[in-house]
Each structure stands twice: as C-alpha cells, then as structure tokens.
Amino acid sequence: MKAELESICRLVRDCGMSIKDIDRGHLHVDAKSSRTDLVTQYDKEVQERLRKGLLEIMPDAHFVGEEGTTQTFAPAGKFFIVDPIDGTTNFVKDYHFSCISVALVIDNAAELGVIYNPYADEMFWAQRGHGAFCNGKRLHVSNEPLENGIVVFGTAPYHEELSEKTFQLAYGYFKKALDIRRSGSAALDLCTIAAGRAELFFELFLSPWDFAAGALMVTEAGGLVTDCDGRPLAYDRPCSVLARNRLSDPITARPASI
Ligand code: IPD
Ligand code: CA
Ligand code: CA
C-alpha cells in the first residue's frame, strides 16, 4: 500500500496546487441543491483529474465523487470516496481554507485517507493501523478536557432545518469550552481534531465525501468518531458527525438534545 499511498499523495498535492493560483476573473459559480450550495468549474475539473488519476493507480477500484458520479457505494469492493474541493464557499470567496479529500474504503472499512490544504501546504494522510501524519509528523489528538478545549462545528449550511439545533448546540459548547470555531471545511476540521489543535468537532449533516478521509485521520490519531447518536459512520449515506479526543466526556460531548 505504501507505493499507492505515495502516488495518491502526489496526485492530491498536484490537484491542490492547481486550485491555489487560479484565474479569478474566469471563475464560474453555479448553485446546486440550494442558493448556498455552490460549485465551480474547478470542482468538476479537479474531480475528473482525480477520477482518472486514482483509477490509474488502482484500476480495480470504483470512484464516488461529490460532483456527480456514475457509481454508488457498496459494502463490498474498493471505493475511492472523493471531495474534489472541500470548502467550496471558501474557495469562491478566496478565503484560503479549502482542501482536496480522498479516502480509499475497502470492504466497508476506510483504509487510506489523504487531505491536502494547499494554502498552508499541509499534507495529511492516514493508513488504517499505521497512524495519521501531517507533512511527515505523527498526529495525536489532544489530552485536554473540553473545559480547556476548542469546539469546531459545521453549520450544515445546505440544510436550513438544522440551523436552530446546530446553533443551540454550539451555544452549549461555547459555554462549556474555551471557545468555538467555524472554518468552512469539514475535512480540515477533522484534521484539526486529529492534529490536537481542537478538542471536539460536530456537524448535523455531512456526506461521506466530507468525512471519509478525515474520520480515519481522527481515529488513527487516537480519537473517536461516531454520528451524534454514538453510532458508527456509514459510507453509503449522509449522517451527523461527532469527532473528539478521549477526554471530552462522552455524555456531555454527545449532543443529547438532538
Ligand atoms: C461543505 C464544507 C462545510 C460543511 C458543509 C459541507 P463543500 O463541503 O465541508 O464546512 O459545513 O456541510 O457540505 O460543499 O464545501 O464541499
Ligand atoms: Ca464537502
Ligand atoms: Ca466539495
């Protein structure tokens, strides 16, 4: 798997570099499921480049990507689950906090996760049973309790019906922790937990391409990831996500009000 992992990292880095210095004068932005759910020509171009490149690296794998896909996930077999640009709104706004996220799931278990943030030049990768790394340095979740921690959350921006619950929870965590953050990239949020830079992440609706690579990053860094009801994440449907270090008390950490 080492040679494949290196090839995937090379491809993901190249794709990341390609979105860094784009011609902003020719950015085409369209809305998808709602006014706030954006897509650009770069999301589609990067996905196509990843599809071709990943299937060259592993010809027996299937490919599931956010921007329209012909294949659907199945519990048996090898699947790449890909978000070509996670943090598209940030990308459109030139906010400099977006990434490329690629997971390899084999027989329903995440085997590899690769996430690259071109703005910080941070390459995150994880392999099941072999740990999680950022630019070659081993990652560990933090040892701080929630009271001394930062809580990162996603607003489930394309699901207005979840806004009130999201902000109620965020307010609860705000009172419990040192402070809260909202970055605009769920994949990078999960890397933030894996790197021990924050203690807990939650979002009430995410798709497998948002979390597949990042969830492996967190578990390989020693953290825990479930949905907000404590169930394991699935790769065939959207769900809520709760990622944390081991010191965030599972009772108080779990948003019981949902
Ligand atoms: C979104 C980002 C955002 C999260 C949304 C995701 P996209 O992905 O990860 O942080 O709050 O739920 O859909 O649309 O930028 O790929
Ligand atoms: Ca995404
Ligand atoms: Ca995306």
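Residues numbered from 1 in each chain as written. Chains lettered and ligands numbered in written order. Predicted model: local features only at pLDDT ≥ 70, side-chain atom pairs only at ≥ 80, totals over all residues. Heavy atoms only, no water.

(A) Fine view of the coordination of the calcium ion (ligand 2). Bound to the calcium ion (ligand 2) on the protein side are Asp83 (OD), Asp86 (OD) and Asp210 (OD), at distances that span 2.1 to 2.3 Å. On the primary sequence, the residues serving as donors to the calcium ion (ligand 2) are separated as D-x2-D-x123-D. (Donors = N, O, S within 2.8 Å, 3.2 Å for Na, K, Ca; no water.)

(B) Local environment of the site of ligand 1. Ligand 1 sits among 16 residues. The nearest are Asp86, Gly87, Thr88, Tyr158 and Glu203. One nitrogen or oxygen atom from the side chain of Asp83 is found 3.3 Å from an oxygen atom belonging to ligand 1. For ligand 1, an oxygen atom lies 2.9 Å from a polar atom in the backbone of Ala186. When the free accessible area of ligand 1 is taken as 380 Å², the share hidden by the protein chains comes to 95%. Taken atom by atom, the bulk of ligand 1 overlaps the largest pocket. For the shell around ligand 1, the residue count by class is 6 nonpolar, 4 polar and 6 charged. In this structure, the shell around ligand 1 is formed jointly by two domains, domain 1 (2-138) and domain 2 (146-244), each of which donates at least three residues. (Near = heavy atom within 4 Å. Polar contact = N/O pair within 3.5 Å; in protein donor to acceptor, adjacent residues only side chain to side chain. Areas by Shrake-Rupley, 256 points an atom, 1.4 Å probe, with all protein chains shown as cover. 1 Å grid on protein atoms, 1.4 Å probe; cavity = no way out; pocket = protein on both sides within 12 Å on 5 of 7 lines; lining within 4 Å. Sits in = over half its atoms within 2 Å of the grid points. Nonpolar A, V, L, I, M, F, W, Y, C, P; charged D, E, K, R; others polar. Domains from an automatic or database assignment.)

(C) Summary view of the coordination of the calcium ion (ligand 3). At this site the calcium ion (ligand 3) is bound by Glu66 (OE), Asp83 (OD) and Ile85 (O), with donor distances of 2.2 to 2.3 Å. One chain supplies every donor to the calcium ion (ligand 3), and in sequence these donors are spaced E-x16-D-x1-I. In this structure, the calcium ion (ligand 3) is positioned 3.7 Å from the calcium ion (ligand 2), and both are ligated by Asp83. The pair Asp83 / Ile85 is uniform in exposure class, with both members buried. (Buried < 20%, exposed > 50% of the residue type's maximum accessible area, 1.4 Å probe, protein only.)

(D) A look at the sheet that holds strand 4 (residues 78-86). Pairing is mixed across the open sheet formed by 7 strands, whose spatial order is 3-4-5-6-7-8-9. Looking at the sheet topology across the chains shown, the edges are occupied by strand 3 (62-65) and strand 9 (137-138). Strands in contact with helix 2 (residues 41-57) are strand 3, strand 4 and strand 5 (99-106); relative to strand 4, the strand with the most contacts, it is inclined by about 150°. Docked against the sheet, helix 6 (residues 208-220) engages strand 3, strand 4, strand 5, strand 6 (109-117), strand 7 (122-127), strand 8 (131-134) and strand 9, running at close to 100° with respect to strand 6. (Pairing = 2+ DSSP bridges. Helix = DSSP H or I, 4+ residues; strand = E, 2+ residues; numbered from the N terminus. Contact = heavy atoms within 4.5 Å. Axes fitted to C-alpha atoms, helices over the stretch in contact; angles between N-to-C directions.)

(E) Molecular detail of the layout of surface pockets. A volume near 520 Å³ is recorded for the largest pocket. If you trace the largest pocket, you find 28 residues lining it, with Asp37, Asp86, Pro157, Tyr158 and Asp210 closest to the centre. Mapped by element, the contributors of at least two residues to the lining of the largest pocket are strand 4, helix 3 (88-92), strand 12 (200-206) and helix 6. Residue classes in the lining of the largest pocket are distributed as 9 nonpolar, 10 polar and 9 charged. Both of domain 1 (2-138) and domain 2 (146-244) provide at least three residues apiece to the lining of the largest pocket. (Points joined across faces, edges and corners; volume = space filled by probe spheres on them.)

(F) Summary view of the domain arrangement of the protein chain. Each assigned domain of the protein chain is listed here: domain 1 (2-138) and domain 2 (146-244). Taking the mean C-alpha position of each, domain 1 and domain 2 sit 19 Å from one another. Facing 43 residues of domain 1, the contacting portion of domain 2 comprises 22 residues. Together domain 1 and domain 2 conceal approximately 2400 Å² of surface at their shared face, both sides included; 67% is due to carbon and sulfur atoms. The partner of Glu122 in a salt bridge is Arg197, with the nearest N and O atoms 2.8 Å apart. (Buried area = accessible area lost by both parts, 1.4 Å probe. Salt bridge = Lys/Arg side-chain N within 4 Å of Asp/Glu carboxyl O.)

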